[in-house]
Amino acid sequence: MSAPTPEPLRLVAVSAGLGQPSATRLLVDRLTTATADRLTEQGAAPAVRVVELREHASDIANAMVTGFPGSGLRSAVDAVTGADGLIAATPVFTASYSGLFKSFVDVLEDTAVAGKPVLLAATGGTMRHSLVLEHTMRPLFAYLRALTVPTGVFAASDDWGAGGDPYTADLPRRIDRAAGELAALMLDRPRPRGAEATAEAEDEDAVVPFEERLAAVRRPGGR
């Protein structure tokens with residue numbers, strides 16, 4: 001009896017670039033390729049999807065007002081929620097992530113990326129904006145309880161070089177290091193399926209009455 005074919009690891013990238021083409025999408029493509037290559041080297045079968053937020057801008061705005069995402073946006077949200085690993089990339093506006101990027105995050109459920117490996121990436125005009133990764137993006141995903149990889153990737157205009165060549169300066173090394181970290185976390189992450197996944201979801205959704213929590217605190221030895 002042949003062994004079952006392993007289920008592909010779902011790598012999803014969210015690009016908040018506004019132009020077409022955009023430097024943010026260019027960076028996302030390099031990161032997804034590098035991560036997929038690392039996964040393949042380890043015998044995994046990655047399935048890659050890129051979510052372009054500019055294509056869902058109107059639906060995101062409507063969802064913010066109505067609380068109900070349209071079918072196209074729902075597909076993007078489901079892809080992020082069901083991903084085994086996530087790449088989140090945004091251009092920098094006014095020293096922070098873009099409004100489109102934040103609005104999409106606000107549409108997600110609170111638990112959508114909890115415990116999920118996430119690689120943070122951003123683009124901007126100069127390296128002076130690189131701290132956006134640590135000062136705005138990492139705290140945001142820490143609040144969402146995501147497992148962010150240690151290396152974030154920021155790409156300034158100078159990183160791309162003349163003619164848009166991405167293989168200049170230090171950018172390739174940063175991409176390779178971050179991709180390796182994301183791939184390692186994706187490979188190590190448990191993937192509950194079937195009844196186990198259902199039970200886990202029910203446990204997350206269960207509401208513990210305040211009286212039970214208070215009683216637990218008051219037990220001998222409790223603090």
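Up top is the structure.
Residues numbered from 1 in each chain as written. Predicted model: local features only at pLDDT ≥ 70, side-chain atom pairs only at ≥ 80, totals over all residues. Heavy atoms only, no water.

Asker: Would you mind showing me how to read the overall build of the protein here?
Answerer: Scanning the protein from N- to C-terminus turns up 9 helices and 7 strands. Counting every position in the protein, which comprises 223 residues, the buried fraction comes to 40%. Taking the contacts inside the protein whose residues are at least 6 apart along the sequence as the reference set, 78% of them involve residues at least 24 apart. Element-wise, carbon and sulfur atoms account for 54% of the exposed surface of the protein, whose accessible area totals about 12,200 Å². (Helix = DSSP H or I, 4+ residues; strand = E, 2+ residues; numbered from the N terminus. Buried < 20%, exposed > 50% of the residue type's maximum accessible area, 1.4 Å probe, protein only. Contact = heavy atoms within 4.5 Å. Areas by Shrake-Rupley, 256 points an atom, 1.4 Å probe, with all protein chains shown as cover.)

Asker: Just to check I follow, could you spell out the pattern of salt bridges for this structure?
Answerer: Where charged atoms from two side chains of opposite charge approach closely, those side chains can pair. In the structure shown here, the tally under the stated rule is 10 salt bridges. For Asp 84, the salt bridge identified is with Arg 10, shortest N-O distance 3.2 Å. Residue Asp 84 is found in the loop between helix H3 (71–81) and strand S3 (85–93), and its partner Arg 10 is found in strand S1 (residues 9–15); the two are separated by 74 residues along the sequence. What makes Arg 10 partly exposed here is its relative accessible area of 29%. Among the ionic pairs, Asp 170 bridges to Arg 174, the shortest N-O distance being 3.2 Å. Taken together, the salt bridges that share partners define one network made up of Asp 159, Asp 170, Arg 173 and Arg 174. (Salt bridge = Lys/Arg side-chain N within 4 Å of Asp/Glu carboxyl O.)

Asker: Would you explain the packing of helix H2 (residues 57–66) against helix H4 (residues 99–107) in this entry?
Answerer: The relative placement of two packed helices comes down to the angle between their axes together with the axis-to-axis distance. At a closest axis distance of 10 Å, the pairing of H2 and H4 adopts a crossing angle of 50 degrees. Judged by the angle between their axes, H2 and H4 are oblique. The two elements H2 and H4 cross, and the hand of that crossing is left-handed. Touching Ala 57, Ile 60, Ala 63 and Met 64 of H2 are Leu 100, Ser 103, Phe 104, Asp 106 and Val 107, all from H4. (Axes fitted to C-alpha atoms, helices over the stretch in contact; angles between N-to-C directions. Parallel < 35°, antiparallel > 145°, perpendicular 65-115°, else oblique. Left-handed = near helix turned anticlockwise from the far one by under 90°.)

Asker: What exactly am I supposed to notice about the pairing of S1 here?
Answerer: Successive side chains on a regular strand alternate, one facing one side of the sheet and the next facing the other. Among the 7 residues that make up S1, 6 are buried, leaving the element largely enclosed by the rest of the structure. Looking at chain direction, S1 and strand S2 (residues 46–52) are connected through 7 bridges and run parallel. Residue pairing across strands places Ala 13 opposite Val 50, the latter belonging to S2. On the question of chirality, the crossover connecting S1 to the parallel S2 by way of helix H1 (residues 23–41) is right-handed. Of the pairings in the sheet, the one linking S1 to S3 comprises 5 bridges and is parallel in character. The residue of S3 that forms the bridge with Leu 11 is Gly 85. (Pairing = 2+ DSSP bridges. Right-handed = clockwise from strand over helix to strand, strands pointing away.)

Asker: What is the right way to look at the nonpolar core in this model?
Answerer: A general trend in soluble globular proteins is that nonpolar side chains are found buried together. If you look at the biggest cluster of nonpolar residues, it comprises 37 residues, and the most contacted ones within it are Leu 53, Val 80, Phe 101, Phe 104, Val 113 and Phe 141. When contributions to this core are tallied by element, the ones reaching two or more residues are S1, H2, H3, S3, H4, strand S5 (117–124), helix H5 (132–143) and strand S7 (153–156). Those residues in contact with Leu 53 that sit more than four places away from it in its chain are Val 14, Ser 15, Ala 16, Ile 60, Leu 100, Phe 101 and Phe 104. Residues Leu 9, Ala 34, Ala 44 and Leu 171 belong to the second largest nonpolar core, which totals 24 residues. (Core = buried A, V, L, I, M, F, W, Y, C linked by side-chain atoms within 4.5 Å.)

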